[in-house]
Amino acid sequence: MHANGSAVIPAWKRILFSDFMLSRGKAQRIAAVGVMTALCIVANMFLEIKLYDVQFSLTIFVSVLTGMFIGPLFGFAAVFLGDFLGYVYNNWGYIYMPWVGLSSALFALIAGLVMGLPLRKRWGIYLKLALICLITFFVCTAGVNSAGFYFYNKYAGFSTAVIGYAESHFGGSVTYFVYVCYRLIFKLQILNSALNYALLFVAVPVINAVGAKHVPLR
């Protein structure tokens, strides 16, 4: 126990749930996971805009919030399940691509882990958000998600747009680095990421201010 008499939360429990969820009963935890899963389904069904071959969505925003609110592993599970069920309901005619769900779920896992860092200063939440944005961008967006699409398209055959981009900008074949540049710059996914991250920096302090006694994200 701490010096003030409060119980020490085991590390393995913090990997499952956030401190806020651990302070709630089992029924409330189950309900929270269900609600956030439903929100992830909604994000996949209705919060995506496709303009030709460019896609904008709020998946990053919702996934990170899920991990911050629920915690690392159960946040991961909620987002992955939400992504899959969202695909089942509205798949746009595409095949299921598991790396997309894995990438989204990793946003929640990383966010939950970073939120568990012992930074209790007033500026701590902003530092945590900055770390979440930095880590998830390279691990999830430029890493898992881009890698999945790269190897899939390499096997199926790159589109003429990708090949043309590689030749005009890099003068060679479509390497992984070239493909990441294509997705992030040409397909504007870096802009999509920036918009989601900016929304987090706006929304999280507001959530803390409005629900400081009920749903603290610190």
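First things first, this report covers the structure right here in the doc.

## Topic: the overall build of the chain
Step number 1: A tally of regular secondary structure across the chain gives 10 helices and 2 strands.
Step number 2: Going from the N terminus to the C terminus, the chain shows its helices and strands as α-α-α-β-β-α-α-α-α-α-α-α.
Step number 3: Expressed as a percentage of its 218 residues, the buried residues of the chain come to 44%.
Step number 4: Partitioning the intrachain contacts of the chain with sequence separation of at least 6 by distance along the chain shows that 68% fall at a separation of at least 24.
Step number 5: When the accessible surface of the chain is split by element, carbon and sulfur atoms take 72% of a total near 11,900 Å².

## With respect to the packing of helix α4 (residues 59-70) against helix α6 (residues 98-115)
Step number 1: Two elements in contact, α4 and α6, have axes separated by 7 Å at closest approach and are oriented at 40°. When the axes of α4 and α6 are compared, the pair comes out oblique. The handedness of the crossing between α4 and α6 is right-handed. Residue-level contacts link Thr-59, Ile-60, Ser-63, Val-64, Gly-67 and Met-68 of α4 to Ser-104, Phe-107, Ala-108, Ala-111, Gly-112 and Met-115 of α6.

## Comments concerning empty space enclosed by the protein
It is a probe the size of a water molecule, rolled over the atoms, that shows where empty space is left.
Step number 1: Applying the stated criterion across every chain yields a total of 1 cavity of 30 Å³ or more.
Step number 2: In this structure, the largest cavity is lined by Cys-40, Ala-43, Asn-44, Thr-59, Val-62, Ser-63, Val-79, Asp-83 and Ser-104.
Step number 3: Only α3 (26-46), α4 and α5 (72-89) provide two or more residues apiece to the lining of the largest cavity.

Conventions adopted
- Residues numbered from 1 in each chain as written.
- Predicted model: local features only at pLDDT ≥ 70, side-chain atom pairs only at ≥ 80, totals over all residues.
- Heavy atoms only, no water.
- Helix = DSSP H or I, 4+ residues; strand = E, 2+ residues; numbered from the N terminus.
- Buried < 20%, exposed > 50% of the residue type's maximum accessible area, 1.4 Å probe, protein only.
- Contact = heavy atoms within 4.5 Å.
- Areas by Shrake-Rupley, 256 points an atom, 1.4 Å probe, with all protein chains shown as cover.
- Axes fitted to C-alpha atoms, helices over the stretch in contact; angles between N-to-C directions.
- Parallel < 35°, antiparallel > 145°, perpendicular 65-115°, else oblique.
- Left-handed = near helix turned anticlockwise from the far one by under 90°.
- 1 Å grid on protein atoms, 1.4 Å probe; cavity = no way out; pocket = protein on both sides within 12 Å on 5 of 7 lines; lining within 4 Å.
- Points joined across faces, edges and corners; volume = space filled by probe spheres on them.

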